[in-house]
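Spelled out, the chains give:
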There are 2 protein chains.
Amino acid sequence: MYNFNLHIPTRIHFGKGTISYLSELKNYGKKVLLVYGGGSIKKNGIYDTAMEFLKSVDIEVIELGGVEPNPRIETVRKGVELCKKENIDMVLAIGGGSTIDCAKVIAAGAKYNEDAWDLVLDSSKITEALPIFDVLTLAATGTEMDPFAVISDLSKNEKWGTGSPFMVPTMSILDPEYTYSVSKKQTAAGTADMMSHTLENYFTMENADCQKFMAEGLLRTMIKNGPIALNDPTNYDARANLMWAGTHAINGNVGAGSKPSWCVHPMEHELSAFYDITHGEGLAILTPAWMEHILKEDTLKNFVDFAKNVWGLTGDDDWELAHAGIAALKKFFFETMEMPANLRAVGITDEKNFGIMAQKACDGSKGSFVPLSKEDIVEIFRAAF
Amino acid sequence: MYNFNLHIPTRIHFGKGTISYLSELKNYGKKVLLVYGGGSIKKNGIYDTAMEFLKSVDIEVIELGGVEPNPRIETVRKGVELCKKENIDMVLAIGGGSTIDCAKVIAAGAKYNEDAWDLVLDSSKITEALPIFDVLTLAATGTEMDPFAVISDLSKNEKWGTGSPFMVPTMSILDPEYTYSVSKKQTAAGTADMMSHTLENYFTMENADCQKFMAEGLLRTMIKNGPIALNDPTNYDARANLMWAGTHAINGNVGAGSKPSWCVHPMEHELSAFYDITHGEGLAILTPAWMEHILKEDTLKNFVDFAKNVWGLTGDDDWELAHAGIAALKKFFFETMEMPANLRAVGITDEKNFGIMAQKACDGSKGSFVPLSKEDIVEIFRAAF
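Residues numbered from 1 in each chain as written. Chains lettered and ligands numbered in written order. Predicted model: local features only at pLDDT ≥ 70, side-chain atom pairs only at ≥ 80, totals over all residues.

## As for the overall build of chain A
Then, in step 1: Within chain A one finds 14 helices and eight strands.
Then, in step 2: Scaling as 2.2 N^0.38, a compact globule of 385 residues should have a C-alpha radius of gyration of about 21 Å, and chain A matches this with 20 Å.
Then, in step 3: Considering only intrachain contacts with a sequence separation of at least 6, the fraction spanning at least 24 residues in chain A is 77%. (Helix = DSSP H or I, 4+ residues; strand = E, 2+ residues; numbered from the N terminus. Rg over C-alpha atoms; globule rule 2.2 N^0.38 Å. Contact = placed C-beta atoms within 7 Å.)

Structure (structure tokens):
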């Protein structure tokens, strides 16, 4: 096991009705920037409930709606401007990963004197931030308990992750009932996203049994509860298990002590940056292709463990088992979870950008479990085409 | 899944050489109370290394050595007196669970005007505490990342747990190499302790797959690495996995969202309070007897899961599987881990106190998975005799 530092100070309030904890914002100031997406929170009542609790403790609310699914730097800039102009004390995101990521960089940008895109390109420039709060409405990215945010500048076909301890949310409210209205498509994409987070770490957990075995538990949770949530969207326990597993997939607990490389996320970020596709769908399409590409003699044992401990498969032939594990994942994504099975199915109809996307993914990632070259990535894109 | 709140703000520095993080204490004051046990840290060099880092940042050290294996209220009182007399800014424990528990209540007592035993009997009286730091030298109790402490008043045959957010350590240093010198007996007892923490929660994780499947991962980690550490005490990865699994067993992650009752710990606390036996050995002796007592029609499914997912057992007959899971645990504790198999083996040679101990255990616990009466507990003591 490698050395690690771990600090996850986010206060979690999990369960039905925990939105009432919004009244605690009174301890952090008088004026909040409320960040949200396309307005579904106004339809399903979450907005009204939140406003009620904020008003009950005399907090003034300034609003920034309309955050995009792959949140744009232009929206971050708008939020930063509002924070500075209105002397905002704290930022509250109500929404999924995109909304929360946007709010995180707004909170950091509010304490930064130059353009917020600098903070996306160079996280070391984040030296403080306004306190960040959120009410999560989509089980997927785990941003509710981690230091990361991903922001796009589509004018440049760029989508980058950044991270800072100052961007870890102070308090996150996770009410599984708030995910009842999440569509089939987004439920599946969210499940694929959290599985990808776990899998990006999983294959590098040599000698870290504790993290590896917990990761297997998380994967089993997602595999069991994803389909239930898909077909019975108001099943509380399925939504709850999916939500909590999504948080754990990336809050540091299962990632600590290994040296993962995050191969698939950088590849997918290029797809989203060039084609604005749904992140989780891109991950589902790329992950099995990536696995088949890196399955070699020296990675075989990891894939056998994956097949046995995650999928409960048995057999005497290690290679057969390894391939069966990957096949089980494909079946899960593309049949059980009804996701698009290849790049063409999400509207990427030719290979013309594969080279430049591969080059950018390669430049942006910092090494990998099985080192991937530009050529490797093009090959994976082709296999997923 | 039940509602829960979770907040684990402890900063963890895990791995070889992380004791250097002691220099961060300079951010919390100038004067530390150093709490330790029987002096083994002076023999194995940890004391000297710690003093070096503390001196390098000009921290003055006041010492309190001699904390007992079941830490006594008298020692807590001594520490509190020192804190008040010397104007101590923070408390640093170097040792195992007993030393850290003692330091926690000292830190709370330093901010309390009356007798510290009040804080053990009534945790609501803990309203502040000095910052608490520790260097862990035994993988067992998980106190390094939780709000709990257990203190004894042997003059009254009393041993009670208390807990407060103010007693969560600010920073814990976990260097697996510092557990190389832990004896076989204590390695086994520590493994049993962390398994018991996990198991106290495990059977109440109805509908909390995420926590349950992670708990199974923790148990598998302990079952795999406990025997390696026992027989190859300087095996870094075994010590590291055991250490990190022990922390996770009780830091709130796998316990959140269930309603566990903690049956075995209250029973064992009575054994320790009356006979001053090793906590982990008492837990190992009682746990299988407790399981056999609560295995009924309505708990059968949990025991089948335990047999299958933790021990990898298979079979068509649920009752056989359930019993086989318990038998596997017995074999693990009493053969593989070479622990004493019954109460007589730890020097409890007659049944005369069973009644009064059962009554006290019953009064102290707050309900249970399968509600236990005084009579149930006497029966479990007898089965373990």
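Past the structure itself, the notes keep going.
## Some words on helix α12 (residues 318-336) of chain B
Residues and elements named next belong to chain B.
Then, in step 1: When the terminal C-alpha atoms of α12 are compared, their 25 Å separation across 19 residues agrees well with the 27 Å that a helix rising 1.5 Å per residue should span.
Then, in step 2: Looking at α12, one finds that the buried residues are L321, A322, A324, G325, I326, L329, F332 and F333.
Then, in step 3: Looking at the packing, one finds that the buried side of α12 touches α6 (184-202), α7 (209-231), α10 (279-294) and α11 (300-310). (Expected span 1.5 Å × (residues − 1). Buried ≥ 20, exposed ≤ 12 C-beta atoms within 10 Å, placed from the backbone.)

## Points about the pairing of strand β8 (residues 171-174) of chain B
Looking down a regular strand, the side chains alternate between one sheet face and the other.
Residue and element names in this part refer to chain B.
Then, in step 1: Of the two faces of β8, the one holding M171 and I173 and the one holding S172 and L174 are both buried throughout.
Then, in step 2: Bridge count between strand β1 (residues 4-14) and β8: four bridges; the pairing is parallel. Residue pairing across strands places R11 opposite M171, the latter belonging to β8.
Then, in step 3: Where strand β5 (residues 132-136) meets β8, four bridges bridge the pair, whose relative direction is parallel. Across the sheet, the residue bridging to F133 is M171, located in β8. (Pairing = 2+ DSSP bridges.)

## Description of the interface of chain A and chain B
Then, in step 1: In this assembly, 36 residues from chain A lie in contact with 36 residues from chain B.
Then, in step 2: Among the elements of the structure, β1 (4-14), α7 (209-231) and α8 (236-248) of chain A are those that each provide at least two residues to the side of chain A that touches chain B.
Then, in step 3: At 11 residues, α7(A) tops the list of elements feeding residues into the side of chain A that touches chain B.
Then, in step 4: Split into classes, the residues belonging to the side of chain A that touches chain B amount to 15 nonpolar, 14 polar and seven charged.
Then, in step 5: In this sheet, β1(B) lies alongside β1(A) in antiparallel orientation, the contact comprising seven bridges. (Nonpolar A, V, L, I, M, F, W, Y, C, P; charged D, E, K, R; others polar.)

## Brief notes about the relation of the copies chain A and chain B
Mapping between the two chain copies consists of a rotation about an axis together with a translation along that axis.
Then, in step 1: After a rotation of 180° and a shift along the axis of 0.0 Å, chain A superposes on chain B with an RMSD of 0.0 Å. Taken together, the rotation and translation relating the two chain copies correspond to the operation of a two-fold axis. (Least-squares fit on C-alpha atoms with pLDDT ≥ 70 in both.)

## Section: the domain arrangement of chain A
Residue and element names in this part refer to chain A.
Then, in step 1: Here the domain parsing of chain A yields domain 1 (11-178) and domain 2 (184-383).
Then, in step 2: Taking only C-alpha atoms into account, the centre of domain 1 sits 27 Å from that of domain 2.
Then, in step 3: The interface is formed by 20 residues belonging to domain 1 together with 25 residues belonging to domain 2.
Then, in step 4: Per-element accounting of the side of domain 1 that touches domain 2 gives the leading share, three residues, to strand β7 (residues 158-163).
Then, in step 5: The residue makeup of the side of domain 1 that touches domain 2, split by class, is 10 nonpolar, five polar and five charged. (Domains from an automatic or database assignment.)

## Considerations on the confidence of the model for chain A
Then, in step 1: In this model, chain A carries an average pLDDT of 95, and 98% of its residues clear a pLDDT of 70 or more.
Then, in step 2: At the level of chain-chain contacts, confidence expressed as ipTM amounts to 0.95, with global pTM at 0.95. (pLDDT = per-residue confidence, 0-100.)

## Re the packing of helix α3 (residues 73-86) of chain B against helix α4 (residues 97-109) of chain B
Residue and element names in this part refer to chain B.
Then, in step 1: At a closest axis distance of 8 Å, the pairing of α3 and α4 adopts a crossing angle of 45°. Taken together, the axis directions place α3 and α4 in an arrangement best described as oblique. When you trace α3 past α4, the crossing you get is right-handed. Contact with α3, carried on its side by T75, V76, G79, V80 and C83, involves C102, V105, I106 and G109 of α4 and no other residues of that element.
Then, in step 2: Split by residue class, the contact of α3 with α4 holds six nonpolar, three polar and no charged. (Axes fitted to C-alpha atoms, helices over the stretch in contact; angles between N-to-C directions. Parallel < 35°, antiparallel > 145°, perpendicular 65-115°, else oblique. Left-handed = near helix turned anticlockwise from the far one by under 90°.)

## Describing the sheet that holds strand β4 (residues 90-95) of chain B
Then, in step 1: Read across the sheet, 12 strands follow the order β3(A)-β2(A)-β4(A)-β5(A)-β8(A)-β1(A)-β1(B)-β8(B)-β5(B)-β4(B)-β2(B)-β3(B) without closing on themselves; strand pairing throughout is mixed. Every interior strand has two partners, whereas the edge strands, β3 (60-64) of chain A together with β3 (60-64) of chain B, have only one. In this sheet, adjacent strand axes meet at a mean angle of 25° when their direction is disregarded.
Then, in step 2: Across five bridges, the pairing between strand β2 (residues 31-36) of chain B and β4(B) is parallel. Bridging from a neighbouring strand, B:L34 pairs with B:L92 of β4(B).
Then, in step 3: Running at roughly 170° to β4(B), α4(B) makes contact with β2, β4 and β5 of chain B of the sheet.

## Points about unusual backbone geometry
Residues and elements named next belong to chain B.
Then, in step 1: The phi dihedral of N87 falls on the positive side, at around 50°, and the residue is not glycine.
Then, in step 2: Here N87 lies in the loop between α3 and β4.
Then, in step 3: The exposed category is assigned to N87, around which 11 C-beta atoms lie within 10 Å.
Then, in step 4: For N207, which is not a glycine, the phi torsion comes out positive at approximately 65°.

## Here's the deal with the environment of A:E68
All names here are of chain A.
Then, in step 1: Structurally, E68 is set in the loop between β3 and α3 (73-86).
Then, in step 2: Distance in space between the C-alpha atoms of E68 and E86 is 23 Å, their sequence separation being 18 residues.
Then, in step 3: Leaving out residues up to four positions away in the same chain, E68 has contacts with T75 and S98.

## Focus on the nonpolar core
Then, in step 1: Ranked by size, the top nonpolar core spans 266 residues in total, and within it A:V35, A:V91, A:I106, B:V35, B:V91 and B:I106 carry the most contacts.
Then, in step 2: Setting aside its immediate chain neighbours within four residues, B:I106 contacts B:L33, B:V35, B:V76, B:G79, B:V80, B:C83 and B:V91. (Core = buried A, V, L, I, M, F, W, Y, C linked by C-beta atoms within 7 Å.)

## A short note on the environment of B:F333
Residues and elements named next belong to chain B.
Then, in step 1: Examined against the element boundaries, F333 turns out to sit in helix α12.
Then, in step 2: Assessed through the 25 C-beta atoms surrounding it within 10 Å, F333 is described here as buried.
Then, in step 3: If we skip the residues at most four places from it in the chain, F333 touches A192, A284 and M339.

## Quick notes on α8(A)
Because the α-helix completes a turn every 3.6 residues, residues three or four places apart line up on one side.
Then, in step 1: Given a rise of 1.5 Å per residue, 13 residues ought to cover 18 Å, and the 18 Å separating the end C-alpha atoms of α8(A) matches this to within 8%.
Then, in step 2: Among the 13 residues in α8(A), 11 count as buried, and that is most of the element.
Then, in step 3: Buried residues of α8(A): A:A238, A:R239, A:A240, A:N241, A:L242, A:M243, A:W244, A:A245, A:G246, A:T247 and A:H248, and no others.
Then, in step 4: In this fold, the buried residues of α8(A) make contact with β1, β8 (171-174), α6 (184-202) and α7 of chain A together with α7 of chain B.

## What to know about the packing of helix α9 (residues 264-275) of chain A against helix α10 (residues 279-294) of chain A
All names here are of chain A.
Then, in step 1: For the pair α9 and α10, the least separation of the axes is 9 Å and the interaxial angle reads 130°. On the basis of the axis angle, α9 is oblique to α10. The element α9 and its partner α10 pack so that their crossing is right-handed. Residues V264, M267, E268, L271 and S272 of α9 pack against H279, G282, L283, L286, T287 and W290 of α10.
Then, in step 2: Across the contact of α9 with α10, the residue classes tally to six nonpolar, four polar and one charged.

## Digging into the pairing of strand β4 (residues 90-95) of chain A
Residue and element names in this part refer to chain A.
Then, in step 1: Of all six residues making up β4, six are buried, and the element is well covered by its neighbours.
Then, in step 2: Going residue by residue along β4, you find M90, L92 and I94 tucked away on one face and V91, A93 and G95 tucked away on the opposite face as well.
Then, in step 3: Judged from the five bridges that link them, β4 and strand β5 (residues 132-136) form a sheet pairing that is parallel. Counted as the bridge partner of A93 is D134 from β5.

## What to know about the environment of B:L271
Residues and elements named next belong to chain B.
Then, in step 1: Examined against the element boundaries, L271 turns out to sit in helix α9 (residues 264-275).
Then, in step 2: Sequence-wise, L271 and D101 are 170 residues apart; in three dimensions their C-alpha atoms are separated by 19 Å.
Then, in step 3: If we ignore the near neighbours within four places in the chain, the residues touching L271 are I277, G282, I348 and M357.

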